[in-house]
Amino acid sequence: MSVRLTVGATLACWVIMAPAAAQTQAAPKTLDEARAQGFEGRPANEPAGSMLGGLLAIGPGFFVHGVGHYYTGDEAAALKLLVGELLGAGLVVAGALVAARPEEAGRTGPLSTSLVQSGVFLFLGSWLADVVGTFKGAEPFDDDTARREGHTLGLGYRYVGDPRTARRHRLVPSLTLDSGRVFAQPSAEIEPNFSERRFALDLGGRPWRGSSGHDQLAVGARLRRDESATFGYATRAAEGWLAWKLDLGHIIARMRRFSITQRYAVGVEQFQFGASPSEVPAPFAETDFSSSWFSLASGFAFNVARRTHLKLEFVQDPTVAIPAASAQSGLLRGAFSHQYRDDLDIDVEVLAGDGFSVALGLVYAL
Amino acid sequence: MRCDALFALFALAALAAGCNRAVPTREAAIEAARTVKLAADLSVELDGALITTCPDDLSTPAGDDAPVVCVRLTAFDAELRIVDTGCAPRPVRVHVANASADAKVAWRAFRAGESTARAATRACCETLLQPDADARHPDWTPLGPEAALDGLDARSCGEPRGLCWTSTTRPGTDEAWLTPWRAAAPAEASDAACVSLSAPQAGALRAAPFVLAQRVRAPLVPQATPDGPALDFAVVGNTGEDIAALEGLVARVNAEDVPFVVVSGDIAANGSEEALDRARRALDALEVPFFMTLGEKDADGADPAGLVDRFGASTDVLLLPTGQGWQPKVVLLDSAEGGLSAKTFAALPDFLAPGTPPGAAIVVTHTPPFDPAGLRGAGFKRRGEGARLLAALSRAGVAAVITGHLNEAGADMQSGVEVVHGGARHFVRIRVNEAGRVFVQRSD
C-alpha cells in the first residue's frame, strides 16, 4: 500500500510540476522583465480570490451581505449586495403582509407567492454572490454554452421516484426547432407500456437577447395533453409563460457570466374523467372540471466548466413529475448539460421534492 | 485503485441505506395501534378502535397487577378481541375512550376455528341447518350466546365518554366473563385442570385460540325531517393556534343536538407536543365522540404515533349505522402533506365502494384536491394527484367533500361532486338523509 502511495505521489508530482518546470526555463527572472514581455498584471479593481474573505462572507456575511467583497476591497459591490439583502428581506415582508389577509388569499395568492419567492431568492442570491465572488475573485466564469439556436433532436429517459406513481419509467423524446428569435418544441413523456403519457408543444420567442447567452427575455405558450390509463383521466392544458435571464456581472463584476433566471407561468387545465380507471377520455370529449394554476421558478445558471452548463432552480409548479417537498414549499431542479461534441449534448435533470426524478438525455444537433 | 473502488462502494451502500431507512408514518402508527401483546400467550386485537395512552387519573384497585388496555373508539360498532392461547383464568382491565353516551357493551367467547363436521355442515347446508355462527366470525365456533354488560357496570369509571370493565378469560374451561372495572381479579386455577383441557386428546378445536370478542355498539338514531329521516353531524376545524376559537366551537357543538363531530384538521399551531395537547384537551370537552383527520399544522414535525394516540386514525371509514336499512359513511382522508399517500390511493376504491346496507358517502379531507381560487394553488401539491382523487370521487358518486385548509368558506362543484370549504375556524353542520342527499349548513 505504502509503495503504491509513494509511486502515485511521485507520479502526481511529476505530472503537476512538469509543465511548471518547462515554463520556468522560458519565464522572465524579474517583474520588470515580465512587464517588458507584455505582462500587465491583475487590474487593481479585479482582486484575486480570498479564503479569509470567503469565510467571512459565509459566517457573519450571512447576516450582513457584502462583508466578503468589502474585505477584499470591493466596497461598491459590497454595497450592492447589502442593498440586495435588504431588498430581498423587504420583498419577503411585503409578501407576508399580503398573505396576512386570509380572506383575500384567493386573489392575492400568486402575488404573495411571487413576492416571497423573489425575496428569498434575492436574499439568498446576494449572500451566495458574496461568498462565490469573494472566494473566486475577479476571474469570470466560462461562457454560457446552453444552446439558444439551432435545431435539435432529443432522446431521453426519466425515472420518477415517487411512491404514489406506479409507472416510474418514462421515455422522453423531443424535437426543437429554434431560429434564435422564435422556437417550437414538440415533446412527449411516455411510460413504456403507454399507460401514462404526456404530449406537449412549446412555442415561444425571444424578444430580447443579449450579445452573449447570458441575458435574454423569452415569452411563450405551452399546450399540453396528459393521459392516464392507470387512473382514468386526461387533461388539456394551455399555459402562457414569461422567462428572463440576466448576467449578474452587470451588477457585481466578479459574477460575470453567472446568470440569474426567473420564469412565471399561468395556465388553465381542463380535466376529463373516464367511466373506469382504465378508460382514457378522447381528446375532444366533454370537460368534467376546469382549473387554473400559477407556477414560478427562480434560480441561477452558469458554466461549471468550458462546455458544461448547470442550472439550479427552486420551482413551485404543480404540473411537474413529482410533488413539492411540502404543502407550503416547492422543489429543487438541477439541470446539467454537457456539450460532448459540437453536435451532441448530454443532459441530466434532477428534481427533488416529495420524491425525486432523474432524467437522462442525449440532444443531437440537426 | 481498489481502495477507491471499495470506498465508493461503501459510500454508495451508506447512501442507499440512508435513503432507504424506514420513515415512521401515521399509517404505520395506525396499524401498530390495532393490536397489543400483553403476554406471550395473550394479546388484544381491535377493529374500530386503536390502542391509546391511558388517562392520567385512571386508577386500578390497590395490589392489582392485571394488565390494563386503553383504547380509543374509531367506529360506532367496534370489536375488542382478547386472544388467549393459555389456560388459566386471566383478567384484563379495559378502558374505552371516545364512546357515545348510549354505547352498549356485549361479549361472546369463541374458539378461533371449527370442527370438520361443523365446517362441512356450513359448506353444504348453511341456510337450511343454520349452525350457531356469528355474522362477524362465521368460521369460528361460538362458545355461548352473546351476553350484554350492564350499562352501569360498563360505566363504572364515571366518565361521560368513557367505558371500562374487567374482562376475564379462562380458556381451560371455555369460560369468559365481564365484570365492573373494580371487580377483584379471579384466583389462579390449578395447573392440573389446564393440562387436562389443553392436551392434544381434547381435539383440534381445543388447540384453536380462545377469543373473547367484546363489542361496543352505538347505533345512531336518525331524526325525522321534511326530507325523511336523516342523520346530523358537525365538522369543525381550521382554528390553528387559536385555542380559544377551538374551545368556542366545542361549546357551540355541545349546545347542538349532534351525535358526533368530525374534525377537519389544523387545530394546532405547529405540531408541537404542547399545541397538540392543548387541542386534545379542548376536544375532550366535547360531549359526543369525535373523529379527526389532520392538517399540515397538526402534522408538521409531529411524531406520527403521538398524533394517532391523541386523535385516532386520520384515514378511516366511519360507518354510520342507523339500524333502518340505510347506512351512510364518512370517509376520512389524511391530506396533511398536500396529497394522499400511496397506500390511501390504493385503498380508495374500497373506501368509496357502495356499502351494505346502502348509504351516501361523505369525504372529509383537509386539503381540497383543487383550490377554487386556482392561481393561489392551495389544493393538492401535484395536480395529477388532485385529478386522480377527483376522478375516483366522481366515479364513486360521492355525495359531498368537506375540506379545511382554506380560510375562505365556500362551496363549488368539482366534476359533479359538491366540495364544501369550511373556511377559517369553521363549524359546518351536515345532514344526510335516507335517500342519500346531503345538506350542508355553515354555522357562523
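Calculation criteria
- Residues numbered from 1 in each chain as written.
- Chains lettered and ligands numbered in written order.
- Predicted model: local features only at pLDDT ≥ 70, side-chain atom pairs only at ≥ 80, totals over all residues.
- Heavy atoms only, no water.
- Helix = DSSP H or I, 4+ residues; strand = E, 2+ residues; numbered from the N terminus.
- Contact = heavy atoms within 4.5 Å.
- Areas by Shrake-Rupley, 256 points an atom, 1.4 Å probe, with all protein chains shown as cover.
- Buried area = accessible area lost by both parts, 1.4 Å probe.
- Salt bridge = Lys/Arg side-chain N within 4 Å of Asp/Glu carboxyl O.
- Polar contact = N/O pair within 3.5 Å; in protein donor to acceptor, adjacent residues only side chain to side chain.
- Nonpolar A, V, L, I, M, F, W, Y, C, P; charged D, E, K, R; others polar.
- Pairing = 2+ DSSP bridges.
- Axes fitted to C-alpha atoms, helices over the stretch in contact; angles between N-to-C directions.
- Parallel < 35°, antiparallel > 145°, perpendicular 65-115°, else oblique.
- Left-handed = near helix turned anticlockwise from the far one by under 90°.
- pLDDT = per-residue confidence, 0-100.
- Buried < 20%, exposed > 50% of the residue type's maximum accessible area, 1.4 Å probe, protein only.

If you tally the helices and strands in chain B, you get 12 helices and 23 strands. Intrachain contacts of chain B at a sequence separation of at least 6 include 73% that bridge at least 24 residues. For chain B, the accessible area works out to roughly 18700 Å², and carbon and sulfur atoms hold 56% of it.

Taken together, the 30 residues of chain B in the interface contact 40 residues of chain A. Roughly 2800 Å² of surface becomes buried between chain B and chain A when both sides are summed, with 58% attributable to carbon and sulfur atoms. Considering only the surface of chain B that becomes buried against chain A, Leu-375, Lys-381 and Arg-383 of chain B emerge as the three largest contributors, covering 28% of it. Remark: the boundary between chain B and chain A carries 3 salt bridges. One salt bridge connects Glu-269 of chain A with Arg-383 of chain B, and the closest N-O pair in it is separated by 2.6 Å. Remark: the boundary between chain B and chain A carries 14 residue pairs in polar contact (both at pLDDT 80 or more). At the level of elements, α11 (342-352), α12 (383-396) and β20 (410-414) of chain B are the ones that each hand at least two residues to the side of chain B that touches chain A. Broken down by element, the side of chain B that touches chain A gets its largest block of residues, 9 residues, from α12 of chain B. Considering only residue class, the side of chain B that touches chain A consists of 11 nonpolar, 9 polar and 10 charged.

Attention shifts here to the pairing of strand β1 (residues 152-161) of chain A. All names here are of chain A. The pairing of β1 with strand β12 (residues 355-365) spans 10 bridges and is antiparallel. The residue bridging Thr-152 from the neighbouring strand is Ala-365, located in β12. Relative to strand β2 (residues 169-178), β1 is paired through 8 bridges, and the arrangement is antiparallel. Paired with Leu-153 across the bridge in β2 is Leu-175.

In this section: the packing of α11 of chain B against α12 of chain B. All names here are of chain B. Across the interface, α11 lies against α12 with an axial gap of 10 Å and an inter-helix angle of 15°. Between α11 and α12, the angle falls in the class roughly parallel. As for how α11 packs across α12, the hand of that crossing is right-handed. Every residue of α12 that contacts α11 at Phe-345, Leu-348 and Leu-352 is listed here: Glu-385, Arg-388, Leu-389, Ala-392, Leu-393 and Ala-396. For the contact of α11 with α12, the residue count by class is 7 nonpolar, no polar and 2 charged.

With that out of the way, let us pick up the pattern of salt bridges. All names here are of chain B. By the definition in use, this model includes 49 salt bridges over all chains. The shortest N-O distance in the salt bridge between Arg-90 and Asp-41 comes to 2.7 Å. You can see Arg-90 sitting in strand β6 (residues 90-97) and its partner Asp-41 sitting in the loop between β1 (35-39) and β2 (42-47), a full 49 residues away along the chain. Each of Glu-45, Asp-47, Asp-77, Glu-79, Arg-81, Arg-136 and Arg-215 takes part in a single network of salt bridges with overlapping partners.

All names here are of chain B. Scored by pLDDT, chain B comes out at a mean of 86, with 89% of its residues at no less than 70. Note that residues 195-201 has pLDDT below 50 and, in this model, 4 contacts with residues that lie over four places away or in other chains. Interface confidence for the predicted complex, expressed as ipTM, amounts to 0.82; the pTM equals 0.85.

Once that is clear, we can look at unusual backbone geometry. A negative phi angle is the norm for most residues apart from glycine, just as the trans form is the norm for most peptide bonds. Residues and elements named next belong to chain B. Omega for the bond connecting Thr-356 with Pro-357 falls within 30 degrees of zero, at -5°, which places this linkage in the cis form. If you trace the backbone, Pro-357 turns up in the loop between α11 and β18 (361-365). Located in the positive-phi region is Asn-238, a residue other than glycine, with phi close to 60°. Residue placement: Asn-238 occurs in the loop between β13 (230-237) and α7 (243-255). Taking relative accessible area as the criterion, Asn-238 reaches 7% and is therefore assigned buried. In this structure, Arg-425 takes a positive phi of about 45° despite not being glycine.

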